[in-house]
Amino acid sequence: MDSKKLEKAAEPSSIGDYLVKLSQQLSSQPHQHSHSVRTAEHKGHKIVIETHYKITVDGKTLDLPLGVDDSGEVHCHSLPNYQFLSVVDLVKVVIDLFPDEIGGSSGHDHGSMKPPKREATKKAAKKKSSKSSKIAKSKKGK
Amino acid sequence: MAVRRHNILNNATARDAYIRGVRLLKAEASGRTMADFSIPGPATSVSTYDLFVIWHHLAMNVFTPPGNSAGRNSAHRGPIFLPWHRVMLLLLEQNLQRVLNDTTFGLPYWDWAADGDRPPARQTSSRIWANNCMGGSGNPVTTGPFAFSPTNRTSWRVRVIGTGTGSMVQVNQGLRRALAASVATLPRTASVNLALALTPFDASTWDTSSSGFRNRLEGWRTEATTSPPGLHNRVHVWVGGDMAPSSSPNDPVFYLNHCNVDRLWEGWMLRNGRTYLPSASAPTSLSGHRLNDPISSPLSGAAFTPASVLNVTTQYTYDAVP
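Residues numbered from 1 in each chain as written. Chains lettered and ligands numbered in written order. Predicted model: local features only at pLDDT ≥ 70, side-chain atom pairs only at ≥ 80, totals over all residues. Heavy atoms only, no water.

J.: Tell me about the packing of aromatic side chains, residues and numbers included.
T.: Residues and elements named next belong to chain B. Counting across every chain of the model gives 16 aromatic pairs over all chains. Between Tyr 49 and Trp 156, the aromatic rings sit 5.0 Å apart at their centres with planes inclined by 80°, giving edge-to-face as the arrangement. One end of the pair, Tyr 49, is in helix H2 (residues 48–59); the other, Trp 156, is in the loop between helix H5 (120–123) and strand E4 (158–162), and 107 residues separate them in sequence. Both residues of the pair, Tyr 49 and Trp 156, belong to the buried class. Through successive ring pairs, a cluster of aromatic residues spans Tyr 49, Phe 146, Trp 156, Phe 254 and Tyr 255. (Phe/Tyr/Trp six-rings, centres within 6.5 Å; stacked < 30°, edge-to-face > 60°. Helix = DSSP H or I, 4+ residues; strand = E, 2+ residues; numbered from the N terminus. Buried < 20%, exposed > 50% of the residue type's maximum accessible area, 1.4 Å probe, protein only.)

Take a look at the structure:
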């Protein structure tokens, strides 16, 4: 590793310049929150699975950066160290971690995170999750 | 000359220098404002420390390659997890050396598995949470060097956080921790040893369901007797508060965790050789994670690649490697 290049890259001006460019690139890309596309091939067939979540909490839409991987587990880029079998559990953790965004919280501790199961018995928050999946299967070459 | 990275609980000099260094970086204006990063609100100055917070958040939103359904991004959920964080730590370490005016300074690490071996009730009373180290739990944290004081402008302030909906917002608040609130225990040495015994480095499907060492250390999969989150992920979740969202470098404990993760990777390489997968010839569906792909960082081009950071012994070594 070139120490001089490392030193140069570490300068706050270098980091700042890089991050400005990166944030501009990201802001110019289309956002498709709560929407993911999985593709696979099986016996010559191309499988495309589009999943879209419509989540409301207390009647208000919650637009989360969700994704579903090939094993069917759900992840959210706002929660980089979590992965869930159920999006219901995911939304419970979002409510725990981001109460200011959810609003109407009754004095919940901003910094605390409760296990989803325990939380379910405590919260009066009304959650609704609907999941629509479209499976398109087409013969390759047609 | 290579610097030495020490266990923060065994080296008071490294501990105190680290605390002083991150506080200096927090007080140093980077020359950039929140507006430069399209963060809504006033054009508040961004500190050098907070550049790293913003970097971590943005890296999470760079999908590699774009549109991959596994959710692999330029820093997480795939093979690049360890090389990317190694670069991040190197750049922070360079900045700490600069503000400390000490080219021999090495980032300390937190051997969290040693605390994980203690009874659960004693894990939150480890010396790392003492007043002379990282301080304790709270919303906000009120003890130690990162305690919040509303009347003291020099007290540790969180200025930018990642939101649930994936954006960044400005705040002016104290650091939050909720030790052991979400998961009761830290990872244990036995789990670390099982991870170190895994080969290869990574494997198909190169994501959060992979069977290799990287995925076990990142913490998406655990041994049969333990439930996720594991190892690295579990430490984030156990500390909680500001360690949980995409802006987790807001807590200086972030770097102690990742320095330990980096140390464990070094230990794995000493056992298995400085090898990495996927190879340079892997398909483009793994772009951003292959051996010779550029690591997303301030150093453009191919200067930082997984291949280039496999052996960093000219930069730093550890006082002890498992």
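Anyway, onward from the coordinates.
J.: Break down the interface of chain B and chain A for me, citing the residues and quoting the values.
T.: Facing the 60 residues of chain B at the interface are 48 residues of chain A. Taking both sides of the interface into account, the surface hidden between chain B and chain A amounts to around 4,500 Å²; carbon and sulfur atoms contribute 61%. Among the residues of chain B in contact with chain A, Ser69(B), Gly164(B) and Thr165(B) are the three that bury the most area, contributing 12% of the side total. The tally of links from chain B across to chain A stands at two salt bridges. The shortest N-O distance in the salt bridge between Arg221(B) and Glu73(A) comes to 3.0 Å. Summed over the shared surface of chain B and chain A, the number is 17 residue pairs in polar contact (both at pLDDT 80 or more). (Contact = heavy atoms within 4.5 Å. Buried area = accessible area lost by both parts, 1.4 Å probe. Salt bridge = Lys/Arg side-chain N within 4 Å of Asp/Glu carboxyl O. Polar contact = N/O pair within 3.5 Å; in protein donor to acceptor, adjacent residues only side chain to side chain.)

J.: For the packing of helix H1 (residues 12–27) of chain B against helix H3 (residues 81–100) of chain B, give the residues involved together with the corresponding values.
T.: All names here are of chain B. It is at 9 Å that the axes of H1 and H3 come closest, and there the two elements cross at 90°. Here H1 is positioned roughly perpendicular relative to H3, judged by the angle of their axes. Along its contact with H1, which presents Ala 17, Tyr 18, Arg 20, Gly 21, Val 22, Leu 24 and Leu 25, the element H3 presents Leu 92, Asn 95, Leu 96, Arg 98, Val 99 and Leu 100. For the contact of H1 with H3, the class distribution of residues is nine nonpolar, two polar and two charged. (Axes fitted to C-alpha atoms, helices over the stretch in contact; angles between N-to-C directions. Parallel < 35°, antiparallel > 145°, perpendicular 65-115°, else oblique. Nonpolar A, V, L, I, M, F, W, Y, C, P; charged D, E, K, R; others polar.)

J.: I'd like a rundown of the pattern of salt bridges, residues and numbers included.
T.: Residue and element names in this part refer to chain A. The tally for this structure, following the rule as stated, stands at 20 salt bridges over all chains. For Glu 11, the salt bridge goes to Lys 8, with nearest N and O atoms at 3.4 Å. Accessibility expressed as a relative area gives 33% for Glu 11, which makes it partly exposed. On the basis of relative accessible area, Lys 8 is assigned to the partly exposed category, the value being 48%.

J.: Lay out the pairing of strand E2 (residues 45–57) of chain A with the relevant residues and their values.
T.: Residues and elements named next belong to chain A. Bridging between strand E1 (residues 35–42) and E2 involves eight bridges; their strand directions are antiparallel. Directly across from Thr 39, in E2, lies its bridge partner Val 48. Linking E1 to E2, which pair antiparallel, is a turn of two residues; within it Lys 43 sits at a positive phi near 50°. Inspection of the sheet shows E2 paired to strand E3 (residues 60–61) by two bridges, in the antiparallel sense. Pairing of Thr 56 across the sheet is with Thr 61, part of E3. Between E2 and the antiparallel strand that follows it, E3, lie two residues; Asp 58 among them carries a positive phi value of about 55°. (Pairing = 2+ DSSP bridges.)

J.: Break down unusual backbone geometry for me, citing the residues and quoting the values.
T.: Negative phi is the rule for most residues except glycine; trans is the rule for most peptide bonds. Look at the link from Thr199(B) to Pro200(B): it is a cis peptide, with omega at -5°. Here Pro200(B) is to be found in the loop between helix H6 (189–196) and helix H7 (213–218). The step from Ser204(B) to Thr205(B) runs through a cis peptide bond, and the omega angle for that step is 25°. Examined against the element boundaries, Thr205(B) turns out to sit in the loop between H6 and H7. A positive phi angle, near 55°, is found at Asp58(A), a position not held by glycine. Its place among the elements puts Asp58(A) in the loop between E2 and E3. Residue Asp58(A) is classed as partly exposed on the basis of its relative accessible area of 43%. In this structure, Ala180(B) is a non-glycine residue whose phi angle is positive, near 65°. Relative to the elements of secondary structure, Ala180(B) occurs in the loop between strand E5 (168–173) and H6.

J.: Can you break down the side chain of Ser191(B) residue by residue, with the values?
T.: The residue Ser191(B) is located in helix H6 in this model. If sequence neighbours within four positions are ignored, Ser191(B) has contacts with Glu223(B), Thr226(B) and Leu231(B).

J.: How would you explain H2(B) if you had to name every residue and give the values?
T.: All names here are of chain B. For H2, which comprises twelve residues, the first-to-last C-alpha distance of 17 Å matches the rise-based estimate of 16 Å (1.5 Å per residue) to within 8%. The buried fraction of H2 amounts to twelve of the twelve residues, a majority that puts the element mostly inside the structure. Every buried residue of H2 is listed here: Thr 48, Tyr 49, Asp 50, Leu 51, Phe 52, Val 53, Ile 54, Trp 55, His 56, His 57, Leu 58 and Ala 59. (Expected span 1.5 Å × (residues − 1).)

J.: Just give me the short version of the environment of Pro298(B), but keep the residues and values in it.
T.: Relative to the helices and strands, Pro298(B) is located in the loop between helix H9 (253–272) and strand E6 (316–318). The exposure class of Pro298(B) is buried, given its relative accessible area of 14%. In sequence terms Pro298(B) and Leu91(B) are 207 residues apart; their C-alpha atoms lie 9.3 Å from each other. Residues within four places of Pro298(B) in sequence aside, it is in contact with Ala9(A), Ser14(A), Ile15(A), Tyr18(A), Trp55(B) and Leu91(B).

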